[in-house]
Structures are given as C-alpha cells and as structure tokens.
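The chain contents come next:
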Amino acid sequence: MLLEQQQMIEALKEQLHRMLKHRFGPRSEVVDVAQIALFADSSRVIKVPEAIEDTAGSGSTLSVGPRVRRQKAIRVLKDLPREVRVVDLPEAQQSCDCCGGRMHAFASERSEQLHFVPARLKIIETRRQKYACRTCHGQIKRAPAVSRPPLPKSMASASLLAYLIVSKFADGLPLYRIAARLQRLGIELSHVLMSDWLVQCAEALGELHRRMIRKVLDGGHVFTDDTTLPLQNDDPDRHGTFRAKLWVYARAGRKQRPLVVYDFSRSRSQEAPLQFLKGYCGFLQADAFPGYDALYESGAIREVACNVHARRKFVQVAEMMKEPGRAHEALRFYKALFRIERQIAAFTDEERYQERQRRAVPILADFKAWLDVQAQAVLPKSGLGEAIGYALRHWEALCRYIEAGHLEASNNFAERCMRPVALGRKAFLFVGSERAGQAAAMYYSIVESCRLNKVNPLTYLTYVLTHVRDRTVTLLTPDEFTASDMNALD
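Below is a summary of the structure that appears in this document. Just so you know, these numbers come straight off a predicted model, no measurement behind them.

So, on to unusual backbone geometry. We note that His137 has phi near 55°; this positive angle belongs to a residue other than glycine. We classify His137 as exposed; its relative accessible area is 63%.

Structure, rendered in structure tokens:
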C-alpha cells in the first residue's frame with residue numbers, strides 16, 4: 001500500500017509539474033544531454049553513434065556547422081513604386097563665389113525613406129446606358145453587363161470582401177476591430193452584416209474548397225492534426241461553449257507545391273476523420289489519436305507516427321529530474337536521429353532514403369533494444385514508464401518514415417498549420433454556429449495555403465471573388481496561382 005501511495009504521489013507531482021510548466025513556463029523542449037555519463041539510477045549506457053559533422057570547407061555535403069543568420073533590419077520584399085524628389089540649388093546660387101563661373105552638377109547625395117500611403121475607400125457607381133428608338137418605340141438596347149458582384153444585391157466588392165477575410169483569418173482581428181478600421185476610412189458596417197457576407201462568400205467558394213481537398217488527398221501523403229475551435233452554445237441546458245474541433249489535412253512541398261485544407265466538426269469524434277478520409281489511399285502522418293485506428297485496418301492507409309510526440313514524453317520526465325538519468329539517455333537517441341534529419345533535409349528523396357538506411361536504422365535498432373530493457377526496469381504507470389510504453393506501442397509507425405524518402409520523422413508541418421487558428425481563437429474566442437465553423441475552415445484553408453506558396457492572400461482572394469460567379473472561369477487554387485497572375489491583379 002505504501003508503494004502504491006508513493007507511486008500515486010509521484011504521478012500527481014508529475015501532472016502538477018506539467019500543468020505549471022504549461023501555464024507559466026517556456027514551451028521549448030530543449031534538454032541538455034551533453035553530460036550523461038554519470039547516472040543516478042544505474043541505467044545501462046548504450047553508446048549512440050554520433051552523426052557526421054564535418055567542419056566548414058571539408059567539401060562534405062553533410063556539413064552542418066554553426067551558421068549565423070544575419071537578417072537586414074529592413075527588407076523590401078517586392079518592387080515598390082519609387083518617387084524621386086530632386087533637391088536643387090536655386091538658379092542664383094549656381095555660380096562660383098570665387099570666380100563667378102557657372103557651376104555644374106557632378107554628383108548627388110542620396111537617402112531613402114519608406115513612405116506609408118494610407119488605405120482609402122471609394123464607391124464605384126456603374127451606370128449601364130439604355131437606348132430606345134424615338135420613331136417606332138419598338139426596341140430597347142442596353143450596354144453589356146460588367147462582371148457580376150460576388151454577392152447578389154450587395155454593395156460589397158471583391159476587394160472589400162477579400163480585405164475582411166484576410167483581416168480576420170490571416171491577421172486574427174475580430175470583426176469589431178475591423179469595423180473600427182473601416183470607420184476611420186469613412187464607412188460604418190455592422191457586425192451582423194459582415195458575418196453574413198463572410199458566410200455567403202464561403203458558400204460561393206465551396207467548389208474551390210472541394211477541389212483543394214481532392215488535390216491534398218491525391219498527394220498520397222497527408223499530415224493531419226486537430227485543435228479546439230469553441231462553438232457558441234445553442235443548448236439551453238448546457239453552460240459554456242462546445243469544444244468543437246478544426247482538423248487540418250496538409251500536403252507537404254517535396255513532390256509538389258504545398259496545400260492545406262481544414263475541416264470543422266462539432267466534437268472530436270472519430271466520425272470526422274473517417275468521413276473526410278473515406279476512400280483515401282496512402283500515408284497518414286498523425287499523432288496516436290485512437291480515432292484514426294479504424295482507418296488503418298484495411299491497409300489502404302499506412303500510419304506514420306510523430307517522433308516529436310514520443311520525444312515530448314521523455315522531455316517532460318527529464319525536466320523533473322535533478323540529475324541526468326534514463327530520460328536523458330532516450331533523448332540522446334532522438335538528438336542523433338533528428339540531427340540526421342536536419343542534415344538531409346535538402347537531399348532528394350532517394351538520397352534521403354539511402355542516408356536513413358545507412359545512418360538512422362542502426363540508431364533505431366539500438367534505441368529499440370534500450371526501450372525493451374528499460375520497460376522491465378521502471379514502473380509502467382510512472383512518467384518514464386508511460387513514455388517508454390508509448391514508444392513501444394507505436395514503434396512500427398514511429399519507424400515508418402525510413403521506408404520512403406518523402407516521409408518525415410515528425411508531424412510538425414501539421415502543427416505549424418494550426419498557428420493561425422490559435423491566433424484567431426484568442427481574438428474572436430468562438431464561432432457562432434456550425435455554418436460559421438465550416439466557413440472558418442474554408443478561409444483558413446485559403447489563407448494558410450497562400451502563405452505556404454508565398455502568395456499574397458489579399459490579391460488571391462480578390463481574384464477568386466471577382467470570378468467566383470463566372471461559370472466560364474475555372475478558379476485557380478493557391479498552389480496554381482503564380483507570380484504572373486499576381487502581377488496582373490496588383
């Protein structure tokens with residue numbers, strides 16, 4: 001009974017430590033494993049092969065010596081308009097004070113300043129002329145119609161709607177702050193009207209979003225993750241918001257340009273990923289969420305687990321230890337594995353595969369042997385026991401990344417795609433309905449895909465909304481939108 005109580009106390013202390021660190025501490029997972037030769041818990045030491053690190057100038061393609069990144073304080077990212085102002089001497093002063101001869105200009109002193117041109121609103125009034133015959137009054141002719149507005153019977157133009165979408169879903173501004181900006185420019189818009197515009201636009205862009213989903217699933221390698229997006233309570237018997245979920249499905253940019261899509265669900269039920277990935281065939285990079293297990297049963301979808309998730313559990317244990325121990329030993333294996341991944345990041349897929357087989361496979365074999373030994377020496381319900389158990393339960397999926405060069409060792413790509421969602425969640429707190437949640441998923445898909453492809457989302461959305469009601473135009477997805485398309489619209 002004393003042993004059980006001690007084990008429970010240690011588990012509660014670990015939980016308290018993790019909660020306090022999550023609330024007040026840094027999020028970095030860096031742990032110093034440089035000195036772990038003296039172990040306080042008498043664990044068995046296994047030598048981890050050091051990755052190749054040649055010094056600069058050795059000619060090796062694996063050189064990853066320390067690099068100092070120096071960024072300019074100001075970088076001009078595009079060809080900005082340039083206004084040249086020449087400051088000259090008055091005509092009367094262009095003669096020499098010594099001899100009175102005419103002076104000539106031989107050089108100039110130059111300086112540059114960035115000038116901000118404030119945004120402005122304007123009303124475009126379109127008048128279609130009508131003609132009638134005064135003789136017979138039998139015919140009326142009208143001037144040809146211009147492109148139809150994005151929303152029928154609305155004053156909102158494509159550029160204004162694009163501004164609202166980018167402000168909210170790229171910059172994380174709630175609607176009341178957007179309304180304050182527009183008010184300073186000379187117009188008042190109610191929150192209800194802006195919300196209605198955004199939902200209507202999302203419905204008009206439904207086909208574009210479905211095309212993006214098909215392109216992501218056709219890639220054969222999908223990164224996925226989920227995060228909370230609170231949903232406004234519509235149940236009178238329930239207090240607080242619903243913990244709705246926003247799921248991300250991303251295609252990395254190794255074989256093609258990157259693309260990201262999001263999906264909204266009312267809960268974290270497995271029905272959401274099962275329905276979204278129905279018919280998908282390929283690799284699925286995800287965490288160990290049990291809701292994905294049904295997807296792997298048929299064999300059409302192969303699980304690729306995230307080594308960062310597995311490493312994080314050892315990091316949490318190592319942070320509580322006063323002296324280096326088993327958790328630090330495990331982190332040394334991960335350090336060697338991820339060092340290899342950094343070194344081969346720019347290689348071709350075939351080169352990555354060969355390097356992993358040559359260098360990562362022996363380290364993984366030693367790591368597996370170490371885990372098997374330590375699993376018999378620690379309490380299963382302790383923090384270290386849970387970390388070891390997690391790694392062993394998902395070992396096959398954790399090692400699957402070595403089977404192909406285009407696979408990744410971690411799911412960090414999907415987690416990075418969740419950052420704009422977290423930013424917006426802090427600003428506008430929740431979505432008002434499931435319909436609004438689906439609209440938010442669509443807009444995050446467009447904005448994040450534009451960011452990954454270095455496309456200006458304001459320019460892209462203006463293009464999309466200008467042609468969304470033109471059935472003769474097939475809208476380009478963000479990965480298809482090129483610099484020439486942007487220059488044509490700027």
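Here we come to the sheet that holds strand E5 (residues 259-265). Adjacent strands of a sheet form backbone hydrogen bonds with each other and so pair up, either parallel or antiparallel. Taken in spatial order, the 5 strands line up as E5-E4-E3-E6-E7 in an open sheet, and their pairing is mixed. Two strands in the sheet have a free side with no partner beyond their single neighbour: E5 and strand E7 (301-304). Pairs of neighbouring strands in the sheet enclose a mean axial angle of 25°, with direction left out of account. Bridge count between strand E3 (residues 221-228) and strand E6 (residues 282-285): 3 bridges; the pairing is parallel.

Next up on the list: helix H9 (residues 326-343). Taking 1.5 Å per residue as the helical rise, H9 with its 18 residues ought to reach 26 Å, and the 27 Å between its terminal C-alpha atoms agrees with that figure. Across the 18 residues that make up H9, a large majority, 15, are buried.

On to the pairing of E6. Side chains on a regular strand alternate between the two faces of the sheet. Note that E6 and E7 share 4 bridges and pair parallel. Following the sheet pairing, Phe283 is matched in E7 by Arg302.

Attention shifts here to the packing of aromatic side chains. Evaluated as defined, the whole model comprises 19 aromatic pairs. Taken together, a centroid distance of 5.1 Å and an interplanar angle of 40° make the contact between Phe169 and Tyr443 tilted. A residue pair is termed long-range when its members are at least 10 positions apart, and Phe169 in helix H2 (residues 158-169) and Tyr443 in helix H15 (residues 434-452) qualify at 274 residues. On the basis of relative accessibility, which here comes to 5%, the residue Phe169 falls in the buried class. Since its relative accessible area comes to 1%, Tyr443 is described here as buried. Here the aromatic rings of Phe314 and Tyr334 are separated by 6.2 Å at their centres, their planes lie at 50°, and the arrangement is tilted. Pair noted here: Phe314 is in helix H8 (residues 307-318) and Tyr334 is in helix H9, with a separation of 20 residues, a long-range link. Both residues of the pair, Phe314 and Tyr334, belong to the buried class.

Tracing the sequence through the fold places Thr227 in strand E3. Within the structure, the side chain of Thr227 is placed 2.9 Å from the side chain of Arg425, a separation counted as a polar contact. Residue contacts for Thr227: discarding those within four places in its chain leaves Ala244, Lys245, Leu246, Met418, Val421 and Arg425.

What follows concerns the packing of helix H3 (residues 175-185) against helix H4 (residues 191-204). One can describe the packing of H3 onto H4 by two numbers: an axis separation of 10 Å at closest approach and a directional angle of 110°. With respect to each other, H3 and H4 are oriented roughly perpendicular. Mapping the contact onto sequence places Leu175, Tyr176, Ile178, Ala179 and Leu182 in H3 and His191, Met194, Ser195 and Leu198 in H4. Looking at the contact of H3 with H4 residue by residue, the class counts come to 7 nonpolar, 2 polar and no charged.

Once that is clear, we can look at a nonpolar patch on the surface. A cluster of nonpolar residues, Ile74, Val76, Leu80 and Leu114, forms a patch on the protein surface that exposes about 420 Å² of accessible area. With respect to the helices and strands, the residue Val76 is situated in the loop between helix H1 (2-24) and strand E1 (130-132). Given a relative accessible area of 53%, Val76 falls into the exposed group.

As a further point, take the pattern of salt bridges. Taken as a whole and judged by the stated rule, the model has 25 salt bridges. Between Lys368 and Asp372 there is a salt bridge, with its nearest N and O atoms 3.0 Å apart. Here Lys368 and its partner Asp372 are both found in helix H10 (residues 349-375), 4 residues apart, which amounts to about one turn of the helix. Judged by relative accessible area, which is 27%, Lys368 ranks as partly exposed. One salt bridge in this structure joins Glu403 and Arg400, with 3.7 Å as the shortest N-O distance. On the accessibility criterion, Glu403 (39% relative accessible area) is partly exposed. With relative accessibility at 8%, the residue Arg400 sits in the buried group.

To continue, consider the side chain of Lys168. Within the secondary structure, Lys168 sits in helix H2. The side chain of Lys168 is buried and forms no salt bridge, while Asp196, the nearest opposite charge, is found at 12 Å. With near-sequence residues (within four places) excluded, Lys168 lies in contact with Leu173, Leu175, Ile178, Leu198 and Phe428.

Turning to its location among the elements, Glu434 is positioned in helix H15. Classification of Glu434 as partly exposed rests on a relative accessible area of 38%. If we ignore the near neighbours within four places in the chain, the residues touching Glu434 are Leu231, Phe264 and Arg266.

The nonpolar side chains of a soluble globular protein tend to be buried with one another. Judged by nonpolar contacts, the single largest core of 81 residues is most densely connected at Leu205, Tyr262, Tyr443 and Tyr460. Of all the elements, H15 adds the most residues to this core, at 10 residues.

With that out of the way, let us pick up the packing of H2 against H4. Where H2 contacts H4, the two axes come as close as 11 Å, and the packing angle between them is 100°. When the axes of H2 and H4 are compared, the pair comes out roughly perpendicular. Here Leu160, Leu161, Leu164, Ile165, Lys168 and Phe169 of H2 come into contact with H4, specifically with Met194, Trp197, Leu198 and Cys201. Across the contact of H2 with H4, the residue classes break down as 9 nonpolar, no polar and 1 charged.

Scoring rules and cut-offs
- Residues numbered from 1 in each chain as written.
- Predicted model: local features only at pLDDT ≥ 70, side-chain atom pairs only at ≥ 80, totals over all residues.
- Heavy atoms only, no water.
- Buried < 20%, exposed > 50% of the residue type's maximum accessible area, 1.4 Å probe, protein only.
- Pairing = 2+ DSSP bridges.
- Helix = DSSP H or I, 4+ residues; strand = E, 2+ residues; numbered from the N terminus.
- Axes fitted to C-alpha atoms, helices over the stretch in contact; angles between N-to-C directions.
- Expected span 1.5 Å × (residues − 1).
- Phe/Tyr/Trp six-rings, centres within 6.5 Å; stacked < 30°, edge-to-face > 60°.
- Polar contact = N/O pair within 3.5 Å; in protein donor to acceptor, adjacent residues only side chain to side chain.
- Contact = heavy atoms within 4.5 Å.
- Parallel < 35°, antiparallel > 145°, perpendicular 65-115°, else oblique.
- Nonpolar A, V, L, I, M, F, W, Y, C, P; charged D, E, K, R; others polar.
- Patch = residues over 30% accessible without salt bridge, like charges linked within 9 Å, V, L, I, M, F, W, Y side chains within 5 Å.
- Areas by Shrake-Rupley, 256 points an atom, 1.4 Å probe, with all protein chains shown as cover.
- Salt bridge = Lys/Arg side-chain N within 4 Å of Asp/Glu carboxyl O.
- Lys, Arg positive; Asp, Glu negative; His and termini not counted.
- Core = buried A, V, L, I, M, F, W, Y, C linked by side-chain atoms within 4.5 Å.

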